[in-house]
Amino acid sequence: MNKQTNNGRAAGGFHMTTLQSGLVWFGAGVSIAEILTGTYLAPLGFRKGLAAILTGHLIGCLMMYFAGIIGGLTRRSAMETTRMSFGRIGGVFFALLNILQLVGWTAIMIYDGAGAINELYKAGIWVWALVIGGMILLWILVGLTNLGWINWISMTALFILTLLLSGVIFGHGILPESSQSSISFGAAVELSVAMPLSWLPLISDYTREAESPRRATLASVLVYGLVSIWMYMIGLSAALFTGQSDIAGIMAKAGLGIAALVILILSTVTTTFLDAWSAGISTESLGGFLHGKGKRAAAIVTIIGTLGAALFNMDDITDFLYLIGSVFAPMIAIQIADYFILKKDHYTEKINLRNLIVWVIGFVLYRILMTIDLPLGNTLPDMLLTILICLLAQKFA
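Predicted, not measured: the structure shown is a model, and the values here were computed from it. (Residues numbered from 1 in each chain as written. Predicted model: local features only at pLDDT ≥ 70, side-chain atom pairs only at ≥ 80, totals over all residues. Heavy atoms only, no water.)

(A) Structural view of the overall build of the protein chain. Of the regular secondary structure elements, the protein chain holds 15 helices and 0 strands. The long-range share in the protein chain, meaning contacts at least 24 apart out of those at least 6 apart in sequence, stands at 85%. Element-wise, carbon and sulfur atoms account for 68% of the exposed surface of the protein chain, whose accessible area totals about 15,500 Å². (Helix = DSSP H or I, 4+ residues; strand = E, 2+ residues; numbered from the N terminus. Contact = heavy atoms within 4.5 Å. Areas by Shrake-Rupley, 256 points an atom, 1.4 Å probe, with all protein chains shown as cover.)

Here you go:
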């Protein structure tokens, strides 16, 4: 992890190329959680489900780009960029929330991977959770700047194996349409927004290291968006063909054997590593004695997540996804308004109470909008309203 100056700028050393950034976010997109979320959209049928996936990812990835470019251009980590809108205390508040959500994501990702592997090779979810957790710890020990050839091998294997999986899923001919209607189009859009939205508090942790922040951010978002859409489509199609969401069962029926095991383990490790690593970076942003302890914090988060995955049931994550949206959608909306429109930087302030109040309003609006079935979901309306409120608050201040 790079040393940083007091204002959060990289102090030289390693810089990620655009290709390396793309590889990192390819690994983030290939995820069992994304495939499983795609299965939730099956009641819409393939055409409407695909439309919801594309609409949601367009919204979510656009917000992801804005978040990444702020960190890339200022050379600040994701949680350091929040200080530009909310001040030091506000930055600590969002860093703590981010650490909590990343602990949750680490546990969920390990649980999903372990559960899927256990369907193929019965040994107990807790056993596979320990295996996956151990591999993530190895990734952390190597470190983001030294993964190099490990990333190349992992991403090449994942690319080939996911092509194979796609061939199995999409090789059935005409995709069936579902007659069920247990999910609305707006709700499906919201579930599609949720995954890219969950990366908003993380992407700047990687774009700040880029040689060319603009190109790296664009490449990161495009690669992640396309791969995530691909994963959602696999989940959607698999659920339509089989009538179930058991991706491990589909792999077993397809005779993928050891290839299925490699897909499940590598996809879980490469995605969850980013969650744990960013938790470490967020911990460093708290300052004090925690400065420089990011790798250690990432390891602790991995251990906690592994224990959580081994001990607790985490089959339904929809409420967790909506909670993430309600916290971080209004947060990035305020950052967009401050950085791109108002040109304000409150980094050196102790606290910006006005923006924190606007965030609370945005959070409440999101929860209210969740009760209304909107065609484009509730994230985009909430963010637009929050930006408007932020601009009005600044004008009348």
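(B) Representation of the pattern of salt bridges within the structure. The final tally for this structure, using the stated rule, is 3 salt bridges. In this structure, Arg76 and Asp345 form a salt bridge, with 3.4 Å as the shortest nitrogen-oxygen distance. Here Arg76 is found in the loop between α3 (45-74) and α4 (78-120), whereas its partner Asp345 is found in the loop between α13 (318-342) and α14 (353-369), with 269 residues between them in sequence. For Arg76, a relative accessible area of 7% corresponds to the buried category. Assessed through its relative accessible area of 44%, Asp345 is described here as partly exposed. Notably, a salt bridge pairs Arg208 with Glu209, separated by 3.5 Å at the nearest N-O pair. Taking relative accessible area as the criterion, Glu209 reaches 6% and is therefore assigned buried. (Salt bridge = Lys/Arg side-chain N within 4 Å of Asp/Glu carboxyl O. Buried < 20%, exposed > 50% of the residue type's maximum accessible area, 1.4 Å probe, protein only.)

(C) Expanded view of the packing of aromatic side chains. Within this structure, the stated rule accounts for 14 aromatic pairs. Where Trp105 meets Phe320, the ring centres are 5.3 Å apart and the plane angle is 75°; that geometry is what we call edge-to-face. Highlighted residues: Trp105 in helix α4 and Phe320 in helix α13, separated in sequence by 215 residues. Looking at Trp105, the relative accessible area reads 3%, which means it is buried. Ring-pair connections join several aromatic residues into one group, and the members of that group are Phe86, Phe93, Phe94, Trp359 and Phe363. Above the face of the Tyr347 ring, Arg76 is positioned so that its terminal group lies 3.9 Å from the ring centre. (Phe/Tyr/Trp six-rings, centres within 6.5 Å; stacked < 30°, edge-to-face > 60°. Lys NZ or Arg CZ within 6 Å of the ring centre and 35° of its normal.)

(D) Spotlight on the packing of helix α5 (residues 125-142) against helix α12 (residues 294-311). Contact pair α5 / α12: the axes reach a minimum separation of 9 Å and the direction vectors enclose 170°. Taken as axis vectors, α5 and α12 run roughly antiparallel relative to one another. Across the interface between the two elements, Ile125, Trp126, Ala129, Leu130, Gly133, Ile136, Leu137, Ile140 and Leu141 of α5 pack against Lys295, Ala298, Ala299, Thr302, Ile303, Thr306, Ala309 and Ala310 of α12. (Axes fitted to C-alpha atoms, helices over the stretch in contact; angles between N-to-C directions. Parallel < 35°, antiparallel > 145°, perpendicular 65-115°, else oblique.)

(E) Looking closely at helix α1 (residues 18-29). For α1, which comprises 12 residues, the first-to-last C-alpha distance of 17 Å matches the rise-based estimate of 16 Å (1.5 Å per residue) to within 8%. Within α1, 9 of the 12 residues are buried, which leaves it mostly tucked inside the rest of the structure. (Expected span 1.5 Å × (residues − 1).)

(F) Highlighting a nonpolar patch on the surface. A cluster of nonpolar residues, Ile89, Ile351, Leu353, Ile357 and Ile361, forms a patch on the protein surface that exposes about 420 Å² of accessible area. Looking at the nonpolar patch, the element that brings in the most residues is α14, giving 3 residues. Along the polypeptide, Leu353 turns up in helix α14. For Leu353, a relative accessible area of 53% corresponds to the exposed category. (Patch = residues over 30% accessible without salt bridge, like charges linked within 9 Å, V, L, I, M, F, W, Y side chains within 5 Å.)

(G) Region of interest: the nonpolar core. Trp25, Met64, Trp105, Met195, Trp199 and Tyr224 are the most contacted members of the largest nonpolar core, which totals 111 residues. Those residues in contact with Trp199 that lie beyond four places of it in its chain are Trp25, Ala28, Glu34, Met64, Tyr224, Thr271, Leu274 and Asp275. (Core = buried A, V, L, I, M, F, W, Y, C linked by side-chain atoms within 4.5 Å.)

(H) Representation of the confidence of the model for the protein chain within the structure. Mean pLDDT over the protein chain works out to 86, with 87% of the residues at or above the 70 mark. Mean pLDDT across the elements of the protein chain ranges from a minimum in helix α10 (residues 247-253), with 66, to a maximum in α14, with 97. (pLDDT = per-residue confidence, 0-100.)

(I) Region of the structure containing the side chain of Ser198. Secondary-structure assignment places Ser198 in helix α7 (residues 185-198). At 2.6 Å, the side chain of Ser198 and the backbone oxygen of Met195 are in polar contact. Look past the residues within four positions of Ser198 in its chain and what remains in contact with it is Gln101, Trp105 and Ile324. (Polar contact = N/O pair within 3.5 Å; in protein donor to acceptor, adjacent residues only side chain to side chain.)

(J) Seen up close, the packing of α4 against α5. The N-to-C vectors of α4 and α5 enclose an angle of 125°; their axes lie 8 Å apart at closest approach. The orientation of α4 with respect to α5, classified from their angle, is oblique. At the point where α4 passes α5, the crossing takes the right-handed sense. For the pair α4 and α5, the contacting residues are Ile110, Tyr111, Gly113, Ala114, Gly115, Ile117 and Asn118 in the first and Ile125, Trp128, Ala129, Ile132, Gly133 and Ile136 in the second. (Left-handed = near helix turned anticlockwise from the far one by under 90°.)

(K) The environment of Tyr40, seen in detail. Its location among the elements puts Tyr40 in the loop between α2 (32-39) and α3. Note: C-alpha distance between Tyr40 and Ala188 (148 residues apart in sequence) is 7.9 Å. Ignoring anything within four residues of it in the chain, the contact list for Tyr40 reads Ile183, Leu191, Asp315, Ile317 and Thr318.

(L) Representation of unusual backbone geometry in the model. A positive phi angle is found at Arg75, which is not glycine, with a value near 60°. With respect to the element layout, Arg75 can be found in the loop between α3 and α4. Even without being a glycine, Lys343 presents a positive backbone phi close to 60°. For Lys343, the position within the fold is in the loop between α13 and α14. Note on Lys343: relative accessible area 62%, which makes it exposed.

(M) Examining the environment of Ala310 more closely. Looking at the element boundaries, Ala310 is found in helix α12. Distance from Ala310 to Ile110, taken between C-alpha atoms, is 8.6 Å for residues 200 residues apart in sequence. If we skip the residues at most four places from it in the chain, Ala310 touches Trp126 and Ala129.

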